[in-house]
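# Structural features, examined
Listed here are the chains, written in short residue letters.
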Amino acid sequence: MAHEEMSLFPGLSRRDFLKTCGALAGLIGLSGPMAVPKVANALEQLAKRPAIVWSCFQECLGCSVNLLQSRKPGPANLILQQISLNYHEAVMAPAGSQAEKSFRDTVDSKDFYYVVEGAVATKIPEAITIGGKTSMDICKDTYQKAKATIAIGTCATYGGIQAAAPNPTGAKGVGDYLRNEGGISDAVVINSPRCPGNADDTVAILLYAIVNKKLPELDSVGRPKFLFGQLVHDNCERRGHFDAGEFVEVFGDAGSDNGWCLYKVGCKGPIAYAPCPKTRWNGNNSWPVAAGGPCIGCSEPDFWDKQSPFYEKTPGIRLPGDITPTQIGVGLGALTAVGIGAHFIGQAATGRLFKGAPVEGKEDEMGPKEGGK
Ligand code: FSX
Ligand code: SF4
Ligand code: F3S
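Being a predicted model, the structure only gives us computed values, none of them experimental.

Once that is clear, we can look at the overall build of the protein chain. For the protein chain, the helix and strand inventory stands at 21 helices and nine strands. Counting over 373 residues, the protein chain shows a buried share of 51%. Nonlocal contacts in the protein chain, meaning residues at least 24 apart in sequence, comprise 73% of its contacts between residues at least 6 apart. Surface exposure of the protein chain reaches about 16,000 Å², of which carbon and sulfur atoms provide 55%.

Below, the structure is given as C-alpha coordinates:
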(Lines give C-alpha, C1' and ligand atoms only; values in the text may rest on other atoms or scores of the structure.)
(Ligands and ions follow the chains in the order given, each with its own letter.)
Protein backbone atom coordinates (compact mmCIF):
# COMPACT_ATOMS: atom_id res chain seq x y z
CA MET A 1 0.00 0.00 0.00
CA ALA A 2 2.72 2.41 1.00
CA HIS A 3 4.63 1.85 -2.24
CA GLU A 4 1.51 2.22 -4.28
CA GLU A 5 0.58 5.48 -2.56
CA MET A 6 4.09 6.81 -3.01
CA SER A 7 2.93 7.30 -6.58
CA LEU A 8 1.09 10.31 -5.19
CA PHE A 9 4.53 11.90 -5.36
CA PRO A 10 6.21 10.28 -8.38
CA GLY A 11 9.95 10.56 -8.41
CA LEU A 12 10.16 11.39 -4.71
CA SER A 13 12.45 9.31 -2.53
CA ARG A 14 11.09 8.24 0.86
CA ARG A 15 13.26 10.91 2.42
CA ASP A 16 11.86 13.64 0.15
CA PHE A 17 8.34 12.31 0.64
CA LEU A 18 8.72 12.71 4.41
CA LYS A 19 10.24 16.15 3.91
CA THR A 20 7.17 17.12 1.87
CA CYS A 21 4.97 15.75 4.64
CA GLY A 22 6.85 17.94 7.12
CA ALA A 23 6.12 21.03 5.04
CA LEU A 24 2.47 20.02 4.72
CA ALA A 25 2.23 19.38 8.48
CA GLY A 26 3.47 22.91 9.11
CA LEU A 27 0.83 24.21 6.73
CA ILE A 28 -2.00 22.71 8.79
CA GLY A 29 -0.50 23.64 12.13
CA LEU A 30 0.71 20.21 13.24
CA SER A 31 3.89 20.04 15.29
CA GLY A 32 5.77 17.58 17.43
CA PRO A 33 7.27 14.16 16.68
CA MET A 34 4.00 12.64 15.44
CA ALA A 35 3.22 15.40 12.95
CA VAL A 36 5.12 13.99 9.96
CA PRO A 37 3.98 10.34 10.46
CA LYS A 38 0.39 11.55 10.82
CA VAL A 39 0.45 13.37 7.48
CA ALA A 40 2.40 10.55 5.78
CA ASN A 41 -0.07 7.93 7.02
CA ALA A 42 -3.09 9.94 5.92
CA LEU A 43 -1.66 10.39 2.42
CA GLU A 44 -0.50 6.78 2.14
CA GLN A 45 -3.90 5.51 3.17
CA LEU A 46 -5.83 7.60 0.67
CA ALA A 47 -7.80 5.08 -1.35
CA LYS A 48 -7.90 7.54 -4.22
CA ARG A 49 -7.14 11.11 -4.97
CA PRO A 50 -9.80 13.54 -3.68
CA ALA A 51 -11.90 14.83 -6.58
CA ILE A 52 -12.36 18.58 -6.94
CA VAL A 53 -14.97 20.55 -8.86
CA TRP A 54 -13.87 24.18 -9.18
CA SER A 55 -16.27 26.92 -10.28
CA CYS A 56 -15.18 30.35 -11.51
CA PHE A 57 -17.81 33.07 -11.08
CA GLN A 58 -17.27 36.86 -10.74
CA GLU A 59 -13.50 37.18 -10.22
CA CYS A 60 -10.20 38.05 -11.89
CA LEU A 61 -8.78 34.49 -12.03
CA GLY A 62 -6.01 35.48 -9.62
CA CYS A 63 -6.97 32.67 -7.25
CA SER A 64 -6.38 30.11 -10.01
CA VAL A 65 -3.13 31.78 -10.99
CA ASN A 66 -2.04 31.40 -7.38
CA LEU A 67 -2.95 27.72 -7.52
CA LEU A 68 -0.63 27.35 -10.49
CA GLN A 69 2.11 29.07 -8.51
CA SER A 70 1.67 26.79 -5.51
CA ARG A 71 4.94 25.29 -4.30
CA LYS A 72 3.65 22.88 -1.68
CA PRO A 73 3.64 20.27 -3.16
CA GLY A 74 3.94 22.08 -6.50
CA PRO A 75 1.35 22.72 -9.19
CA ALA A 76 1.93 19.62 -11.29
CA ASN A 77 1.81 17.25 -8.32
CA LEU A 78 -1.04 19.16 -6.78
CA ILE A 79 -3.27 19.13 -9.84
CA LEU A 80 -2.31 15.88 -11.49
CA GLN A 81 -1.14 13.67 -8.66
CA GLN A 82 -2.39 14.68 -5.27
CA ILE A 83 -5.89 15.80 -6.14
CA SER A 84 -8.08 14.99 -9.07
CA LEU A 85 -9.14 18.32 -10.53
CA ASN A 86 -12.07 16.87 -12.46
CA TYR A 87 -13.54 20.20 -13.45
CA HIS A 88 -12.03 23.67 -13.54
CA GLU A 89 -13.31 26.22 -16.01
CA ALA A 90 -9.84 27.64 -16.70
CA VAL A 91 -7.44 24.75 -16.06
CA MET A 92 -8.61 21.47 -17.56
CA ALA A 93 -7.95 19.45 -20.67
CA PRO A 94 -11.52 18.72 -21.86
CA ALA A 95 -13.74 21.38 -23.38
CA GLY A 96 -17.38 21.74 -24.42
CA SER A 97 -19.59 18.69 -23.92
CA GLN A 98 -16.69 16.64 -22.58
CA ALA A 99 -16.12 19.20 -19.85
CA GLU A 100 -19.84 19.25 -19.10
CA LYS A 101 -19.83 15.46 -18.78
CA SER A 102 -16.85 15.54 -16.42
CA PHE A 103 -18.70 18.11 -14.29
CA ARG A 104 -21.96 16.13 -14.25
CA ASP A 105 -20.33 12.76 -13.56
CA THR A 106 -18.33 14.15 -10.63
CA VAL A 107 -21.22 16.07 -9.11
CA ASP A 108 -23.58 13.10 -9.45
CA SER A 109 -21.01 10.87 -7.69
CA LYS A 110 -21.38 13.08 -4.56
CA ASP A 111 -17.78 12.13 -3.80
CA PHE A 112 -15.98 15.42 -4.32
CA TYR A 113 -14.98 18.70 -2.72
CA TYR A 114 -16.40 21.89 -4.20
CA VAL A 115 -14.13 24.92 -4.55
CA VAL A 116 -15.65 28.24 -5.62
CA GLU A 117 -13.63 31.19 -6.88
CA GLY A 118 -15.57 34.40 -7.47
CA ALA A 119 -18.84 35.92 -6.32
CA VAL A 120 -22.34 34.71 -7.09
CA ALA A 121 -24.37 37.19 -9.20
CA THR A 122 -27.77 37.51 -7.51
CA LYS A 123 -29.28 40.72 -8.92
CA ILE A 124 -28.29 40.18 -12.55
CA PRO A 125 -28.08 36.37 -12.56
CA GLU A 126 -27.21 36.18 -16.25
CA ALA A 127 -24.02 38.16 -15.55
CA ILE A 128 -22.50 34.74 -14.90
CA THR A 129 -23.90 32.02 -17.12
CA ILE A 130 -21.99 28.79 -17.73
CA GLY A 131 -23.39 26.03 -19.92
CA GLY A 132 -26.75 27.83 -19.88
CA LYS A 133 -26.95 27.93 -16.07
CA THR A 134 -26.52 30.88 -13.76
CA SER A 135 -23.96 31.02 -10.97
CA MET A 136 -26.86 30.81 -8.48
CA ASP A 137 -28.15 27.52 -9.89
CA ILE A 138 -24.69 25.98 -10.32
CA CYS A 139 -23.65 27.00 -6.82
CA LYS A 140 -26.75 25.70 -5.06
CA ASP A 141 -26.93 22.40 -6.92
CA THR A 142 -23.22 21.64 -6.55
CA TYR A 143 -23.09 22.66 -2.87
CA GLN A 144 -25.87 20.23 -2.04
CA LYS A 145 -23.94 17.29 -3.47
CA ALA A 146 -20.42 18.13 -2.28
CA LYS A 147 -18.64 16.59 0.74
CA ALA A 148 -17.56 20.11 1.68
CA THR A 149 -17.47 23.51 0.00
CA ILE A 150 -14.51 25.87 0.17
CA ALA A 151 -14.87 29.48 -0.98
CA ILE A 152 -11.45 30.69 -2.08
CA GLY A 153 -10.63 34.38 -2.33
CA THR A 154 -12.50 37.37 -0.98
CA CYS A 155 -14.89 37.39 -3.97
CA ALA A 156 -16.23 33.90 -3.22
CA THR A 157 -16.20 34.47 0.53
CA TYR A 158 -17.65 37.96 0.90
CA GLY A 159 -18.45 39.25 -2.61
CA GLY A 160 -15.14 40.97 -3.38
CA ILE A 161 -14.50 44.11 -5.37
CA GLN A 162 -17.59 43.63 -7.56
CA ALA A 163 -19.68 43.82 -4.38
CA ALA A 164 -18.44 47.37 -3.72
CA ALA A 165 -21.28 49.90 -3.47
CA PRO A 166 -23.54 50.12 -5.42
CA ASN A 167 -22.92 46.45 -6.27
CA PRO A 168 -24.88 46.42 -9.56
CA THR A 169 -24.83 42.64 -10.08
CA GLY A 170 -25.77 41.83 -6.48
CA ALA A 171 -22.42 40.06 -6.00
CA LYS A 172 -22.41 37.88 -2.89
CA GLY A 173 -20.19 35.37 -1.21
CA VAL A 174 -21.19 31.72 -1.56
CA GLY A 175 -22.33 31.26 2.06
CA ASP A 176 -24.30 34.51 2.09
CA TYR A 177 -26.04 33.57 -1.16
CA LEU A 178 -26.85 30.00 -0.08
CA ARG A 179 -28.26 31.01 3.32
CA ASN A 180 -30.41 33.81 1.92
CA GLU A 181 -31.48 33.74 -1.74
CA GLY A 182 -30.49 30.05 -1.95
CA GLY A 183 -32.86 29.09 0.86
CA ILE A 184 -30.36 26.81 2.67
CA SER A 185 -30.38 28.54 6.03
CA ASP A 186 -27.84 26.20 7.65
CA ALA A 187 -25.36 26.14 4.73
CA VAL A 188 -21.75 25.76 5.91
CA VAL A 189 -19.02 27.11 3.65
CA ILE A 190 -15.34 27.15 4.60
CA ASN A 191 -14.14 30.64 3.81
CA SER A 192 -10.57 31.10 2.66
CA PRO A 193 -10.40 34.82 1.89
CA ARG A 194 -7.64 37.13 0.67
CA CYS A 195 -7.54 38.86 -2.67
CA PRO A 196 -6.49 36.72 -4.41
CA GLY A 197 -7.04 33.53 -2.49
CA ASN A 198 -3.85 31.74 -1.53
CA ALA A 199 -3.40 28.21 -2.91
CA ASP A 200 -1.50 27.13 0.20
CA ASP A 201 -4.64 27.90 2.21
CA THR A 202 -6.75 25.70 -0.07
CA VAL A 203 -4.24 22.86 0.07
CA ALA A 204 -4.07 23.26 3.85
CA ILE A 205 -7.87 23.08 4.25
CA LEU A 206 -8.15 19.98 2.08
CA LEU A 207 -5.23 18.36 3.86
CA TYR A 208 -6.68 19.25 7.26
CA ALA A 209 -9.91 17.46 6.31
CA ILE A 210 -8.01 14.41 5.00
CA VAL A 211 -5.61 14.13 7.95
CA ASN A 212 -8.08 14.91 10.74
CA LYS A 213 -11.13 13.34 9.06
CA LYS A 214 -13.19 16.38 10.00
CA LEU A 215 -13.60 19.96 8.84
CA PRO A 216 -11.70 22.72 10.61
CA GLU A 217 -13.27 24.90 13.28
CA LEU A 218 -14.43 28.22 11.81
CA ASP A 219 -14.49 31.76 13.18
CA SER A 220 -17.56 34.02 13.14
CA VAL A 221 -17.09 34.88 9.45
CA GLY A 222 -16.42 31.33 8.34
CA ARG A 223 -12.60 31.24 8.24
CA PRO A 224 -10.67 28.24 9.59
CA LYS A 225 -9.24 29.29 12.93
CA PHE A 226 -6.07 27.28 12.40
CA LEU A 227 -5.22 29.51 9.41
CA PHE A 228 -6.90 32.84 10.16
CA GLY A 229 -6.76 32.92 13.95
CA GLN A 230 -4.10 35.62 14.23
CA LEU A 231 -3.82 39.22 13.12
CA VAL A 232 -1.40 40.06 10.33
CA HIS A 233 0.03 42.50 12.88
CA ASP A 234 0.85 39.65 15.30
CA ASN A 235 3.35 38.04 12.94
CA CYS A 236 4.61 41.02 10.96
CA GLU A 237 8.36 41.38 10.60
CA ARG A 238 7.97 45.18 11.03
CA ARG A 239 6.23 44.75 14.37
CA GLY A 240 9.29 45.79 16.36
CA HIS A 241 9.17 49.16 14.61
CA PHE A 242 5.48 49.59 15.50
CA ASP A 243 6.27 48.88 19.14
CA ALA A 244 9.24 51.27 19.01
CA GLY A 245 7.13 54.04 17.44
CA GLU A 246 9.14 53.99 14.21
CA PHE A 247 6.80 54.74 11.31
CA VAL A 248 6.93 55.50 7.61
CA GLU A 249 5.30 58.96 7.42
CA VAL A 250 5.10 59.18 3.62
CA PHE A 251 6.03 56.62 1.01
CA GLY A 252 9.65 56.99 -0.03
CA ASP A 253 10.90 58.68 3.15
CA ALA A 254 13.84 57.50 5.24
CA GLY A 255 11.51 55.26 7.26
CA SER A 256 10.56 53.48 4.04
CA ASP A 257 14.22 52.89 3.29
CA ASN A 258 14.69 51.53 6.80
CA GLY A 259 11.71 49.14 6.58
CA TRP A 260 9.76 50.82 9.39
CA CYS A 261 6.11 50.21 10.23
CA LEU A 262 3.50 51.17 7.60
CA TYR A 263 0.63 51.90 10.00
CA LYS A 264 0.64 55.66 9.32
CA VAL A 265 0.43 55.12 5.55
CA GLY A 266 -2.64 52.95 5.95
CA CYS A 267 -1.58 49.47 7.04
CA LYS A 268 -4.63 47.46 8.16
CA GLY A 269 -2.53 44.67 9.68
CA PRO A 270 -3.82 45.51 13.19
CA ILE A 271 -7.41 44.66 12.16
CA ALA A 272 -6.88 41.94 9.51
CA TYR A 273 -6.93 38.27 10.46
CA ALA A 274 -4.77 36.35 7.98
CA PRO A 275 -1.59 34.25 7.85
CA CYS A 276 0.14 36.42 5.21
CA PRO A 277 3.46 36.95 7.04
CA LYS A 278 3.75 33.17 7.52
CA THR A 279 2.41 31.56 4.35
CA ARG A 280 3.31 34.53 2.14
CA TRP A 281 2.82 34.41 -1.65
CA ASN A 282 4.26 33.08 -4.88
CA GLY A 283 6.14 30.16 -3.48
CA ASN A 284 6.51 31.81 -0.08
CA ASN A 285 8.62 34.55 -1.60
CA SER A 286 6.92 37.69 -0.36
CA TRP A 287 3.80 39.40 0.99
CA PRO A 288 2.47 42.98 0.76
CA VAL A 289 4.28 44.46 3.77
CA ALA A 290 7.58 42.75 2.92
CA ALA A 291 7.28 44.29 -0.54
CA GLY A 292 6.89 47.77 1.01
CA GLY A 293 3.11 48.21 0.67
CA PRO A 294 0.64 48.37 3.55
CA CYS A 295 -1.84 45.59 4.19
CA ILE A 296 -5.28 46.73 2.96
CA GLY A 297 -7.08 44.08 5.00
CA CYS A 298 -8.27 42.01 2.05
CA SER A 299 -9.09 39.08 4.35
CA GLU A 300 -11.97 41.00 5.94
CA PRO A 301 -15.63 41.21 4.80
CA ASP A 302 -16.46 44.42 2.91
CA PHE A 303 -12.82 45.58 3.02
CA TRP A 304 -13.37 47.45 -0.25
CA ASP A 305 -15.94 49.78 1.33
CA LYS A 306 -15.11 49.67 5.04
CA GLN A 307 -11.34 49.95 4.91
CA SER A 308 -10.87 52.56 2.24
CA PRO A 309 -9.21 55.03 1.82
CA PHE A 310 -6.51 52.39 1.90
CA TYR A 311 -3.59 54.73 2.44
CA GLU A 312 -4.96 56.52 5.47
CA LYS A 313 -4.52 55.53 9.10
CA THR A 314 -7.01 53.04 10.48
CA PRO A 315 -9.00 54.82 13.18
CA GLY A 316 -9.19 53.44 16.71
CA ILE A 317 -5.71 51.90 16.89
CA ARG A 318 -3.70 52.95 19.91
CA LEU A 319 0.00 53.45 19.39
CA PRO A 320 2.56 52.98 22.16
CA GLY A 321 3.24 56.72 22.23
CA ASP A 322 -0.47 57.54 22.48
CA ILE A 323 -0.90 56.04 25.94
CA THR A 324 -1.78 58.60 28.59
CA PRO A 325 0.03 58.52 31.97
CA THR A 326 -2.99 57.04 33.75
CA GLN A 327 -3.16 54.20 31.27
CA ILE A 328 0.50 53.29 31.51
CA GLY A 329 0.03 51.26 34.65
CA VAL A 330 -2.52 48.98 33.08
CA GLY A 331 -2.13 49.54 29.38
CA LEU A 332 0.04 48.95 26.42
CA GLY A 333 3.00 51.09 27.49
CA ALA A 334 3.65 48.99 30.56
CA LEU A 335 3.02 45.74 28.71
CA THR A 336 5.43 46.68 25.97
CA ALA A 337 8.04 47.64 28.53
CA VAL A 338 8.04 44.15 30.01
CA GLY A 339 8.02 42.52 26.61
CA ILE A 340 4.68 40.70 26.79
CA GLY A 341 3.65 38.45 23.87
CA ALA A 342 2.75 39.82 20.49
CA HIS A 343 -0.83 38.62 20.50
CA PHE A 344 -1.63 40.37 23.75
CA ILE A 345 -0.11 43.54 22.39
CA GLY A 346 -2.19 43.02 19.27
CA GLN A 347 -5.29 43.02 21.42
CA ALA A 348 -4.20 46.22 23.07
CA ALA A 349 -3.35 47.84 19.76
CA THR A 350 -6.76 47.11 18.31
CA GLY A 351 -8.47 48.53 21.36
CA ARG A 352 -9.75 45.22 22.68
CA LEU A 353 -7.98 45.58 26.02
CA PHE A 354 -9.22 49.11 26.47
CA LYS A 355 -12.74 48.93 25.13
CA GLY A 356 -13.56 45.43 26.28
CA ALA A 357 -14.95 44.79 22.79
CA PRO A 358 -13.34 41.96 20.88
CA VAL A 359 -12.59 42.51 17.22
CA GLU A 360 -14.79 39.47 16.54
CA GLY A 361 -17.69 41.68 17.61
CA LYS A 362 -16.78 43.98 14.77
CA GLU A 363 -16.77 41.00 12.44
CA ASP A 364 -20.31 40.25 13.50
CA GLU A 365 -21.33 43.66 12.22
CA MET A 366 -19.47 43.16 8.98
CA GLY A 367 -21.40 40.35 7.50
CA PRO A 368 -23.46 37.25 7.92
CA LYS A 369 -22.45 34.46 10.24
CA GLU A 370 -20.70 31.53 8.67
CA GLY A 371 -20.38 28.00 9.91
CA GLY A 372 -23.89 27.80 11.28
CA LYS A 373 -23.88 24.11 12.07
FE1 FSX B 1 -11.30 37.74 -6.29
FE2 FSX B 1 -9.72 35.54 -7.28
FE3 FSX B 1 -9.30 39.13 -5.70
FE4 FSX B 1 -8.80 38.22 -7.94
O5 FSX B 1 -9.84 34.94 -8.89
S6 FSX B 1 -10.24 37.44 -4.42
S7 FSX B 1 -10.61 39.56 -7.55
S8 FSX B 1 -7.27 39.32 -6.78
O9 FSX B 1 -8.22 36.49 -7.53
O10 FSX B 1 -11.51 35.97 -6.94
FE1 SF4 C 1 3.32 45.38 10.24
FE2 SF4 C 1 1.33 46.88 9.45
FE3 SF4 C 1 1.44 46.08 11.98
FE4 SF4 C 1 3.13 47.90 11.06
S5 SF4 C 1 0.90 48.15 11.27
S6 SF4 C 1 3.64 46.12 12.34
S7 SF4 C 1 3.50 47.22 8.95
S8 SF4 C 1 1.16 44.78 10.19
FE1 F3S D 1 -4.47 40.96 2.13
FE2 F3S D 1 -3.26 42.24 4.06
FE3 F3S D 1 -2.65 39.78 3.53
S4 F3S D 1 -3.79 43.05 2.06
S5 F3S D 1 -2.91 39.61 1.36
S6 F3S D 1 -4.62 40.50 4.31
S7 F3S D 1 -1.24 41.37 4.09
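Still more to cover.
Attention shifts here to the packing of aromatic side chains. In the structure shown here, the tally under the stated rule is eight aromatic pairs. For the pair Tyr 208 and Phe 226, a centre-to-centre distance of 4.7 Å together with 15 degrees between the ring planes defines the contact as stacked. Taken together, the residues span a long stretch of sequence, with Tyr 208 in helix α10 (residues 199-212) and Phe 226 in helix α11 (residues 225-228) at a distance of 18 residues. By the ring-pair criterion, three or more aromatic residues cluster together here, those being Phe 242, Phe 247 and Tyr 263.

Neighbouring ligand 3 are Cys 276, Trp 281, Trp 287, Pro 288, Cys 295, Ile 296, Gly 297, Cys 298 and Ser 299. In terms of residue class, the shell around ligand 3 is made up of seven nonpolar, two polar and no charged.

We now examine the sheet that holds strand β2 (residues 84-88). Ordered by their spatial adjacency, five strands build an open sheet running β2-β1-β3-β7-β9, and the pairing between neighbours is parallel. The sheet terminates laterally at β2 and β9 (190-192), the two strands that pair on one side only. Going from strand to strand, the sheet's axes swing by 25 degrees on average, the running direction of each strand aside. Here four bridges tie strand β1 (residues 51-56) to β2, and the two strands are oriented parallel to one another. Of the residues in β2, the one forming a bridge with Val 53 is Tyr 87. Sheet strands touched by helix α6 (residues 96-109): β1 and β2. Its angle to β2, the strand with the most contacts, is close to 120 degrees. Here helix α7 (residues 135-145) sits on the sheet and contacts β1, β3 (113-117) and β7 (148-152); the angle it forms with β3, its principal contact strand, is near 155 degrees.

What counts, and where the lines are drawn
- Residues numbered from 1 in each chain as written.
- Chains lettered and ligands numbered in written order.
- Predicted model: local features only at pLDDT ≥ 70, side-chain atom pairs only at ≥ 80, totals over all residues.
- Heavy atoms only, no water.
- Helix = DSSP H or I, 4+ residues; strand = E, 2+ residues; numbered from the N terminus.
- Buried < 20%, exposed > 50% of the residue type's maximum accessible area, 1.4 Å probe, protein only.
- Contact = heavy atoms within 4.5 Å.
- Areas by Shrake-Rupley, 256 points an atom, 1.4 Å probe, with all protein chains shown as cover.
- Phe/Tyr/Trp six-rings, centres within 6.5 Å; stacked < 30°, edge-to-face > 60°.
- Near = heavy atom within 4 Å.
- Nonpolar A, V, L, I, M, F, W, Y, C, P; charged D, E, K, R; others polar.
- Pairing = 2+ DSSP bridges.
- Axes fitted to C-alpha atoms, helices over the stretch in contact; angles between N-to-C directions.

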